[in-house]
Amino acid sequence: MRKRLLTGALVIAMVASLSACGDSADTTTATTAAATEAATEADTEAATESTEAQVKDEGVTEEATEAASEETTEAGSEAASGELTKEKYDSMTAEDLLAMANIQDTQNLTDDEYYWLLDTYKFVDIDYDKLEMDYFNSITYAALKQCKGGSSHRIMDRLVTSEYPQVRGVGYGSVSGFFGASDKNVDKLVKALESETDEYCLFKAVDGLSNEMAKDPKVAEFIFKMAEHPNPLIRKRTAIAIGNTWSIGVEGTVDKIIELMHDEDIEVRKNAVEYAGKLHDDAVVEPIVEILNDPAQAKVHGSAIRGLAYMWLDFPFHKETSEAAYRATMDYYSKTPRNQDVPAWDGIGAFDTVSEKALTDNDWYSKATYFDPDEFSSIMADVIADPDVNWLARGCAMKAVHSLAPDHFDSLEDAANACGDQKAVDEFNKQKEKYASE
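Counting restarts for each chain: residues are numbered from 1 in the order of the written sequence. Where local features are concerned, this predicted model is filtered to residues with pLDDT of at least 70; where side-chain atom pairs are given and counted, the filter is 80 or more; whole-chain, interface and lining totals use all residues. Excluded from the side-chain calculations are hydrogens and water; all other atoms, namely the structure's heavy atoms, are used.

**Some thoughts on the overall build of the protein chain**
Line of reasoning, step 1. Every helix listed is a DSSP run of H or I at least four residues long, and every strand listed is a run of E at least two residues long, numbered separately from the N terminus. Within the protein chain one finds 27 helices and two strands.
Line of reasoning, step 2. For the exposure calls, accessible area comes from a 1.4 Å probe over protein chains only, and a residue counts as buried if that area is under 20% of its type's maximum, exposed if over 50%, partly exposed in between. The buried share of the protein chain, taken over its 438 residues, is 56%.
Line of reasoning, step 3. Long-range contacts, defined as pairs at least 24 residues apart, comprise 73% of the intrachain contacts of the protein chain with a sequence gap of at least 6.
Line of reasoning, step 4. Only the protein chains shown count as covering a residue, and every accessible area follows the Shrake-Rupley method with a 1.4 Å probe. Of the roughly 18900 Å² of accessible surface on the protein chain, 50% is carried by carbon and sulfur atoms. Residues count as neighbours in contact if any of their non-hydrogen atoms are within 4.5 Å of one another.

Below you can see the structure in the form of structure tokens.
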């Protein structure tokens, strides 16, 4: 549970920092994959109680529960599902689907009833250009939202061995719920993946196993293999799985994330340089700096700065520090000449929404002895005053100073006036008024 919550917190912090300065074209799909689409949400009962607790209450073993469930009703469920066609499915409502399922108690689904509903995802089309499935607008999802009970963890065998990639994808994507993935289910997925070739399923498997690399060497082997997959969407998602705090210490992660920084696909490179920071290893700083020193990769710079910021600022928890990453960040924003693309305005957005209270509560200022408020505010003021800088960067720089060095905010007024852009002056006055009222 802690794994998913931590991951969710980081995603929320990133989205918040970007939204503070406007929408960024470099926003990654961390949120799309982190949300695990609807696969985990559909597993409503598993989100509230562990499989082990349920089994204990029933007074039987998990293996006995699975065996009894499959023997008694699997054939009947498959027969009922066989009556449904895609043509019928597309014309039905969620209520029609529940009526056809003949569920005895929608608030206490059996695993077989739950499987029957999940199996109807086979009628939902997969967009292979995006490796996505429209779970949320399906009648299956709507039906499941009206139900409770059932556990994908207990029917994982049936999910990942389905003939339909939509159903296998549900299994792969929901293996690691609030309570993490059990060793047993990880083993099931690893075995199923030996013969898996469907790209959507491989994408969902990377997503579902992204927090499990340290648990099983075979999982790490699979993730590393996917880093070489021809489909850039899979490689892009793999970069997030490798650049993951739960992957720290796994042999090969740093080398592999650095390899992905040089991927031919720009979106893969963006994810690699950003999520490399979550490994908190100074070995990634130099390769990130090489990218920041390359004007031809200006569109990757914002992601690269966010990666460095994970290391020296470590939002939202502010536990880790890195002087090397901080110095690389300051060097980048100090470098001239500047233009509309360099420095990347959305990079500054990576450290403009933290609160002084959070920094103080986590004792970050004491740990980050390298951080100099005078230096930081001076560099940001220089960015603001430069007439060649993108105007969005000026606003983000102002917010960054207020976040990390609030005592220096008023000194930015001269910089706003110096750039010769009335929008900068207006933005400064707007922010000053806002902060005065807080």
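**Things to note about helix α16 (residues 253-260)**
Line of reasoning, step 1. The buried count for α16 comes to six of eight residues, which makes it a mostly enclosed element.
Line of reasoning, step 2. Considered for burial, the residues of α16 that qualify are T253, V254, K256, I257, I258 and L260.
Line of reasoning, step 3. Buried residues belonging to α16 abut α14 (217-226), α15 (232-242), α17 (266-275) and α18 (285-292).

**Some words on a negative patch on the surface**
Line of reasoning, step 1. Within the patch definition used here, like charges are joined within 9 Å and nonpolar side chains (Val, Leu, Ile, Met, Phe, Trp, Tyr) within 5 Å, considering only residues with over 30% relative accessible area and no salt bridge. We define a salt bridge as a side-chain nitrogen of Lys or Arg found within 4 Å of a carboxyl oxygen belonging to Asp or Glu. Charge counting follows a simple rule: Lys and Arg are positive, Asp and Glu are negative, and His as well as the terminal groups are ignored. In this description, the location of a charge corresponds to atom NZ of lysine, CZ of arginine, CG of aspartate or CD of glutamate. Taken together, D127, D129, E132 and D134 make up a surface patch of like negative charges.
Line of reasoning, step 2. If you trace the backbone, D134 turns up in the loop between β2 (132-133) and α9 (139-145).
Line of reasoning, step 3. Classification of D134 as partly exposed rests on a relative accessible area of 42%.

**What about the pattern of salt bridges?**
Line of reasoning, step 1. Applying the stated rule across the entire model yields 22 salt bridges.
Line of reasoning, step 2. With a closest N to O distance of 2.6 Å, R154 and D111 form a salt bridge. Note that R154 is positioned in the loop between α9 and α10 (156-160) and D111 in helix α8 (residues 111-119), a separation of 43 residues in sequence. Of the two residues examined, R154 and D111, each falls in the buried class.
Line of reasoning, step 3. Residues K122 and D119 are paired through a salt bridge, measuring 3.0 Å at the closest nitrogen-oxygen approach. Both residues of the pair, K122 and D119, count as buried.
Line of reasoning, step 4. Connected via shared salt-bridge partners are K86, D90 and D125.

**Quick look at the environment of P337**
Line of reasoning, step 1. Tracing the chain through its elements places P337 in the loop between α20 (323-334) and α21 (345-348).
Line of reasoning, step 2. The class for P337 is exposed, based on a relative accessible area of 72%.
Line of reasoning, step 3. Sequence spacing of P337 and D388 is 51 residues, and the spatial spacing of their C-alpha atoms is 8.4 Å.

**Details of the environment of G349**
Line of reasoning, step 1. Of note, G349 is situated in the loop between α21 and α22 (356-361).
Line of reasoning, step 2. G349 sits in the buried class, given a relative accessible area of 1%.
Line of reasoning, step 3. Separated by 43 residues in the primary sequence, G349 and R306 place their C-alpha atoms 8.2 Å from one another.

**Observations regarding the packing of α17 against helix α19 (residues 298-312)**
Line of reasoning, step 1. For the pair α17 and α19, the least separation of the axes is 7 Å and the interaxial angle reads 20°. Between α17 and α19, the angle falls in the class roughly parallel. Judged by the sense of rotation from one axis to the other, the crossing of α17 with α19 is right-handed. Residues I266, R269, K270, V273 and E274 of α17 form the contact with α19, whose own contacting residues are K299, V300, S303, A304, R306, G307 and Y310.
Line of reasoning, step 2. Put simply, Ala, Val, Leu, Ile, Met, Phe, Trp, Tyr, Cys and Pro go in the nonpolar bin, Asp, Glu, Lys and Arg in the charged bin, and everything else, Gly too, in the polar bin. Considering only residue class, the contact of α17 with α19 consists of five nonpolar, two polar and five charged. For every element, the axis is a line fit to its C-alpha atoms; helices are fit only across the contacting stretch, and the angle between N-to-C directions ranges from 0 to 180 degrees. Angles below 35 degrees are treated as roughly parallel, those above 145 as roughly antiparallel, those between 65 and 115 as roughly perpendicular, and all remaining angles as oblique. Note on convention: near helix rotated counterclockwise from far helix by under a right angle means a left-handed crossing. Clockwise means right-handed.

**Some thoughts on the nonpolar core**
In summary, soluble globular proteins display a tendency toward joint burial of nonpolar side chains.
Line of reasoning, step 1. The criterion is simple. A nonpolar core is a set of buried Ala, Val, Leu, Ile, Met, Phe, Trp, Tyr and Cys residues joined through side-chain atoms within 4.5 Å. Among the nonpolar cores identified, the biggest contains 127 residues, and L117, I257, M261, W312, I348, F351 and F376 are the most heavily contacted of them.
Line of reasoning, step 2. In contact with I257, other than residues within four places in its own chain, are A239, I242, G243, A272, A276, L279 and V284.

**Quick word on the packing of helix α25 (residues 391-404) against helix α27 (residues 422-437)**
Line of reasoning, step 1. Axis separation between α25 and α27 bottoms out at 10 Å; the angle between their running directions is 30°. With respect to α27, the element α25 is oriented roughly parallel. As for how α25 packs across α27, the hand of that crossing is right-handed. Contact residues: W391, R394, G395, M398, K399 and H402 in α25; K423, A424, E427, F428, Q431 and Y435 in α27.

**Focus: the environment of D314**
Line of reasoning, step 1. Looking at the secondary structure, you find D314 in the loop between α19 and α20.
Line of reasoning, step 2. Along the chain, D314 and K278 lie 36 residues apart, while their C-alpha atoms are 8.2 Å from each other.
Line of reasoning, step 3. In this structure, D314 is in contact with H280, A309, K319 and E320, ignoring residues within four places of it in sequence.
Line of reasoning, step 4. Any pair of N or O atoms that falls within 3.5 Å is considered a polar contact. Within protein, one atom must be able to donate a hydrogen and the other to accept it, and sequence-neighbouring residues count only if both atoms are side-chain atoms. In terms of polar contacts, D314 uses its side chain to reach the backbone amide nitrogen of E320, at 2.7 Å.

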